[in-house]
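These are the residues of each chain, in order.
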Amino acid sequence: MAMERANLLNMAKLSIKGLIESALSFGRTLDSDYPPLQQFFVVMEHCLKHGLKVKKTFLGYNKSLWGPLEMVEKLCPEAGEIAASVRDLPGLKTPLGRARAWLRLALMQKRLADYLRVLITRKDILSDFYESSAVMLEEEGAVIVGLLVGLNVIDANLCVKGEDLDTQVGVIDFSMYLKNDIDDYRSEERNGQIAAILDQKNYVEELNRQLNSTVQGLQGRVDSLEKSNSKLIEELAIAKNNIIKLQEENHQLRTENSVILMKAQQRLEVAKGDASCELDTYKQSRQGLDEMYNEARRQLREECQLRQDVENELVVQVSMKQEMELAMKLLEKDIHEKQDTLIGLRNQLDEVKAINVEMYQKMQTSDDGMKHKNDMIARLEEKTNQITATMRQLEQRLQDAERDRLSAEDGMRRFKQDFANKADSLQKQIAQREKQMLQLETDLKIEREWRQTLQNDLERERETVAQLSAEAQQINALKKVNTMVFYFLIYHSDQGLNSTLGHIYFSYISYISTPKIAENGHYLFGFILKIKYIKRSCGGQVWLKDKDATHCKLCEKEFSISRRKHHCRNCGEIFCNACSDNELPLPASPKPVRVCDTCHALLLQRCSSNTT
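Once a new chain begins, its residue numbering starts again from 1 and follows that chain's sequence as written. Where local features are concerned, this predicted model is filtered to residues with pLDDT of at least 70; where side-chain atom pairs are given and counted, the filter is 80 or more; whole-chain, interface and lining totals use all residues. Hydrogens and water molecules were not included; the side-chain quantities draw on all heavy atoms of the structure.

Student: For this particular structure, what's the right way to read the overall build of the protein chain?
Tutor: Strands are runs of DSSP state E lasting at least 2 residues, helices are runs of H or I lasting at least 4, and numbering of each runs from the N terminus. Counting its secondary structure elements, the protein chain contains 15 helices and 6 strands. Working definition: with a 1.4 Å probe on protein chains only, accessible area under 20% of the residue-type maximum means buried, over 50% means exposed, and in between means partly exposed. Within the protein chain, the fraction of its 612 residues that count as buried is 28%. The contacts of the protein chain with a sequence gap of at least 6 include a subset with a gap of at least 24, amounting to 67%. When checking whether two residues touch, look at their non-hydrogen atoms; a contact exists if any pair is within 4.5 Å.

Student: Please clarify how the packing of aromatic side chains should be interpreted in this entry.
Tutor: Ring pairs (aromatic) are described by centroid distance and by the angle formed between their planes. Any pair of Phe, Tyr and Trp rings, taking the six-membered ring for Trp, is counted once the centres come within 6.5 Å. Such a pair is stacked with planes under 30 degrees apart, edge-to-face with planes over 60 apart, and tilted for the rest. Summed over all chains, the structure comprises 2 aromatic pairs. With centroids separated by 5.5 Å and ring planes inclined at 55 degrees, the aromatic side chains of Phe 40 and Phe 41 adopt a geometry described as tilted. Relative accessible area serves as the criterion here: at 1%, Phe 40 is assigned to the buried category. Judged by relative accessible area, Phe 41 falls into the buried class, the value being 5%. With a centroid separation of 6.0 Å and 45 degrees between ring planes, the pair formed by Trp 102 and Tyr 115 is classed as tilted. Of this pair, Trp 102 sits in helix 6 (residues 95–108) while Tyr 115 sits in helix 7 (residues 112–120), placing them 13 residues apart in sequence. The buried category is assigned to Trp 102, whose relative accessible area is 1%. Arg 104 extends its terminal NZ or CZ atom over the ring of Phe 41, reaching a point 4.3 Å from the ring centre. Ring-over charges, as used throughout, are those where CZ of Arg or NZ of Lys falls within 6 Å of the ring centre and within 35 degrees of the ring normal.

Student: Would you mind going over helix 6 with me for this structure?
Tutor: In an α-helix, one turn spans 3.6 residues, which is why side chains three or four residues apart end up on the same side. In a regular helix each residue adds 1.5 Å, so 14 residues correspond to 20 Å; helix 6 covers 20 Å between its end C-alpha atoms and thus fits that length. Within the sequence span of helix 6, burial applies to Gly 97, Ala 99, Arg 100, Ala 101, Trp 102, Leu 103, Arg 104, Leu 105, Ala 106 and Leu 107. Elements that come into contact with the buried residues of helix 6 comprise helix 2 (35–49), helix 3 (66–70), helix 4 (72–75), helix 5 (80–88) and helix 7. Following helix 6 by one or two positions, Lys 110 adopts a phi angle in the positive range, close to 60 degrees. What a helix should span is 1.5 Å times the count of its residues minus one.

Student: Looking at this structure, I do not really get empty space enclosed by the protein. What am I missing?
Tutor: Using only the protein atoms, space was sampled on a 1 Å grid; points where a 1.4 Å probe fits but cannot get out form cavities, open sets with protein on both sides within 12 Å along at least five of seven lines form pockets, and lining residues are those with an atom within 4 Å of a point. Grid points are joined across faces, edges and corners, and a volume is the space filled by probe spheres set on the points. All chains considered together, the criterion is met by 4 cavities of 30 Å³ or more. Its boundaries defined by the atoms lining it, the largest cavity holds a volume of some 70 Å³. Taken together, the elements giving at least two residues each to the lining of the largest cavity come down to helix 10 (181–284) and helix 12 (367–491). In this classification, Asp, Glu, Lys and Arg are treated as charged, Ala, Val, Leu, Ile, Met, Phe, Trp, Tyr, Cys and Pro as nonpolar, and every other residue, Gly included, as polar. Here the lining of the largest cavity is composed, by residue class, of 4 nonpolar, 1 polar and 5 charged. Estimated volume of the second largest cavity: approximately 40 Å³. At the level of elements, helix 2 and helix 9 (139–147) are the ones that each hand at least two residues to the lining of the second largest cavity. Taken together, the residues of the lining of the second largest cavity sort by class into 8 nonpolar, 1 polar and no charged.

Student: Teacher, can you tell me more about the packing of helix 2 against helix 6 here?
Tutor: The packing of two helices is summarised by the inter-axis angle and the distance between the axes. The interhelical angle for the contact between helix 2 and helix 6, taken along N-to-C directions, is 120 degrees, at an axis separation of 11 Å. If you check the angle between helix 2 and helix 6, you find them oblique. In the packing of helix 2 onto helix 6, the handedness of the crossing is right-handed. Touching Leu 37, Phe 40, Phe 41, Glu 45, Leu 48 and Lys 49 of helix 2 are Leu 96, Arg 100, Leu 103, Arg 104 and Leu 107, all from helix 6. Grouping the constituent residues of the contact of helix 2 with helix 6 by class yields 7 nonpolar, no polar and 4 charged. For helices, the axis comes from a line fit to the C-alpha atoms of the stretch in contact; other axes are also lines fit to C-alpha atoms, and the angle between any two N-to-C directions lies between 0 and 180 degrees. Any angle between 65 and 115 degrees counts as roughly perpendicular, while under 35 counts as roughly parallel, over 145 as roughly antiparallel, and the rest as oblique. When the near helix sits turned anticlockwise from the far one by under a right angle, the crossing is termed left-handed; a clockwise turn instead gives a right-handed crossing.

Student: Looking at this structure, how should I read the pattern of salt bridges?
Tutor: Close approach of charged atoms allows side chains with opposite charge to pair. The term salt bridge refers to a pairing of a side-chain nitrogen on Lys or Arg with a carboxyl oxygen on Asp or Glu at a separation within 4 Å. The full count for this structure, using the stated rule, is 14 salt bridges. Across the pair Arg 5 and Glu 140 runs a salt bridge whose closest N-O atoms are separated by 3.5 Å. Here Arg 5, found in helix 1 (residues 2–26), pairs with Glu 140, found in helix 9; they are 135 residues apart in sequence, far enough to count as distant. For Arg 5, a relative accessible area of 12% corresponds to the buried category. Ionic pairing is found between Arg 307 and Glu 311, a salt bridge with its closest N-O pair at 3.7 Å. With Arg 307 and Glu 311 both in helix 11 (residues 286–362) and 4 residues apart, this pair spans about one turn of that helix. Owing to a relative accessible area of 60%, Arg 307 belongs among the exposed residues under this scheme.

Student: Mind showing me how you'd approach the pairing of strand 6 (residues 589–595) here?
Tutor: Each regular strand shows side chains that alternate between the opposite faces of the sheet. By this definition, two strands are paired if DSSP reports at least two bridges between them. Looking at chain direction, strand 5 (residues 582–586) and strand 6 are connected through 5 bridges and run antiparallel. Residue Asn 582 lies in a different strand from strand 6, and its bridge partner there is Val 595. Between strand 5 and strand 6, which pair antiparallel in sequence order, lie 2 residues.

Student: Quick question: what am I supposed to make of unusual backbone geometry here?
Tutor: Most peptide bonds adopt trans geometry, and most residues besides glycine take a negative phi value. One non-glycine residue, Lys 110, adopts positive backbone phi at about 60 degrees. Here Lys 110 is to be found in the loop between helix 6 and helix 7. Residue class for Lys 110 comes out partly exposed when judged on its relative accessible area of 31%. Its identity as a non-glycine residue notwithstanding, Glu 556 has a phi of 60 degrees, on the positive side. Among the secondary structure elements, Glu 556 is positioned in the loop between helix 14 (520–537) and strand 3 (566–567). Owing to a relative accessible area of 60%, Glu 556 belongs among the exposed residues under this scheme.

Student: What should I look at first to understand a negative patch on the surface in this one?
Tutor: Only residues whose relative accessible area exceeds 30% and that form no salt bridge enter a patch; like-charged residues are grouped when within 9 Å of one another, and nonpolar side chains (Val, Leu, Ile, Met, Phe, Trp, Tyr) when within 5 Å. Accessible surface is estimated by sampling points in the Shrake-Rupley manner with a 1.4 Å probe; for residues, cover comes only from the protein chains shown. When charges are tallied, Lys and Arg are placed among the positive residues and Asp and Glu among the negative ones, while His and the ends of the chain are skipped. The atoms used to mark charge sites are NZ of Lys, CZ of Arg, CG of Asp and CD of Glu. The grouping of Glu 325, Glu 332, Glu 395 and Glu 402 at the surface amounts to a negative patch. Here Glu 402 falls in the partly exposed class, since its relative accessible area comes to 30%.

Student: So what exactly am I meant to see when it comes to the layout of surface pockets here?
Tutor: Where empty space is left becomes clear once a probe the size of a water molecule has been rolled over the atoms. Approximately 1100 Å³ is the volume found for the largest pocket. Those elements that provide at least two residues to the lining of the largest pocket are helix 10, helix 11 and helix 12. The dominant element in the lining of the largest pocket, judged by the number of residues it contributes, is helix 10, at 11 residues. Of the residues contributing to the lining of the largest pocket, the split by class is 11 nonpolar, 4 polar and 10 charged.

Student: Any chance you could explain the confidence of the model for the protein chain here in plain terms?
Tutor: Any residue range with low pLDDT should be treated as having predicted coordinates unsuitable for detailed reading. When the pLDDT values of the protein chain are averaged, the result is 77; 81% of them are 70 or greater. The pLDDT score gives, residue by residue, the confidence of the prediction method on a 0 to 100 scale. Per-element averaging of pLDDT across the protein chain places helix 13 (residues 495–512) at the bottom with 47 and strand 4 (residues 574–575) at the top with 93. In this model residues 513–523 is a low-confidence stretch, pLDDT under 50, and it forms 10 contacts with partners more than four residues away in sequence or in other chains. Here residues 532–540 is a poorly scored stretch, pLDDT under 50, and it has 7 contacts once near neighbours within four places are set aside; other chains count.

Student: How should I be thinking about the nonpolar core in this particular structure?
Tutor: Looking at soluble globular proteins, one finds that nonpolar side chains tend to be buried together. Leu 37, Phe 40, Trp 102, Tyr 130, Leu 148 and Leu 151 are the most contacted members of the largest nonpolar core, which has 62 residues in total. Among the elements of the structure, helix 1, helix 2, helix 3, helix 5, helix 6, helix 7, helix 8 (123–126) and helix 9 are those that each provide at least two residues to this core. Not counting residues within four places of it along the chain, the set of residues in contact with Tyr 130 comprises Leu 48, His 50, Gly 51, Leu 52, Lys 53, Leu 65, Pro 68, Met 136 and Leu 137. What makes a nonpolar core is a set of buried Ala, Val, Leu, Ile, Met, Phe, Trp, Tyr and Cys residues whose side-chain atoms join them at distances within 4.5 Å. Grouped together as the second largest cluster of nonpolar side chains are 17 residues, Leu 218, Val 222, Met 328 and Leu 398 included.

Right under this line is the structure:
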């Protein structure tokens, strides 16, 4: 196994070196028919197959090269696009074909070395697919992956969809690596050219990385400035809302102050009248004058105390104003600092533009990336211009806020002077309202008791009305049943039924005359059942079912969708519409119902005989 690893390492070195030299001398994009490229894929296939474990499947024992390569998708999410495209290829049927397609796509993406480096760092995952002495688990695998980094200078355009990757035979052609002295001299020249090209490429890539880092730093600074500006805008909005609230409170306080001034003037007039009366009394008695002097002195002390309290509150307001001014100054300093940073950002953006122009002259192949970066820089300039405009608007709003704050402070001073007088009047009003509430509660209790008595009386009257209406309905129903029973007895006036039906009818009449009206319904139901039983026992007709009749009883025509079935309500037989389109009232139903032609003639004859 050690000899095999050494041989595979040497073959990988030869194939990678030969591929790079031939590709640089070829001078254009490589395709799938290029022999050194084909030999490179064969050597890589042998390196990846070395030491693979045999896995048992349903079809037998198999060495799958696609298993470890498929794990790269989980370790490096960027390889997911290659794995998905390999799975979607319609011509690949074997795991070996998928692995070959994956190697070709990774080479075209110039990420083959990166993907395999990620794979060999996870020994725990590779140990499930390879034996302990395989190339991928030893130092030779790390050396091969390091050699693959040089393939990033090669541009390849491989058509994976058209190739038959499942059936290709992987045989190494050693004749390609046998060289003479002339080839060695040419190879040295080519190595020098390759080294120069690689140095230029590394320099360009390093410049690109630096540019990307500077652009990302600028973008981060712009994002932080945008966040700070958004916070300042929110603070200004909050300050504006507070100023609006203070203005509303100031307006309310002014209205209340005007009302309080009117009341104070009235009180002063009353006080003047009282003072004139007191002067008259002063002339009469010196003792009353001394009392008034003491009271006036006490009021003066109270007013001095109130004045001292107001002055203390004014000092507090002045300190608050000074704090607000300090906060405004700090905000102005932050704004100036942000403007300086914006100027520095603009200078840096100008420097980045100059660097981009120089790089555009050196790198013709990376035009698309540079255009994208120029677009990003233009957007950043627009954002900085917008930020400066918003900063100006914020400064103007701050000045307006200071003016509104000064006016609000004046209103607060006036409010505090009148607040003490207003508190006493409010306490008196509260005491009066409490007395009114006690009176209203007593009135409510009386009204609730009176309402409860009225509801009890209404419920009693409703119960009596419901009982009377139920009795009236029962009486009306019994009247209707009496008439129905009477007609029923007349209809069945045969000689064989007269005695029986008459006995039942008279017993029914005697029971109805009793005062137990609520039980008459049950007795009536039993009476009707008895009559029906007597009728059936004496030869009455039975109601024929629909499924038992297929033809009309009279015309014997067959029933169909157009010729429907109809029951005669007298005899119970089934007829068609033509033979049963007559209607007559029967004892069972006062309304006219359907009867057949024979029953119609029979009933008309019976009615004529009864009338005679």
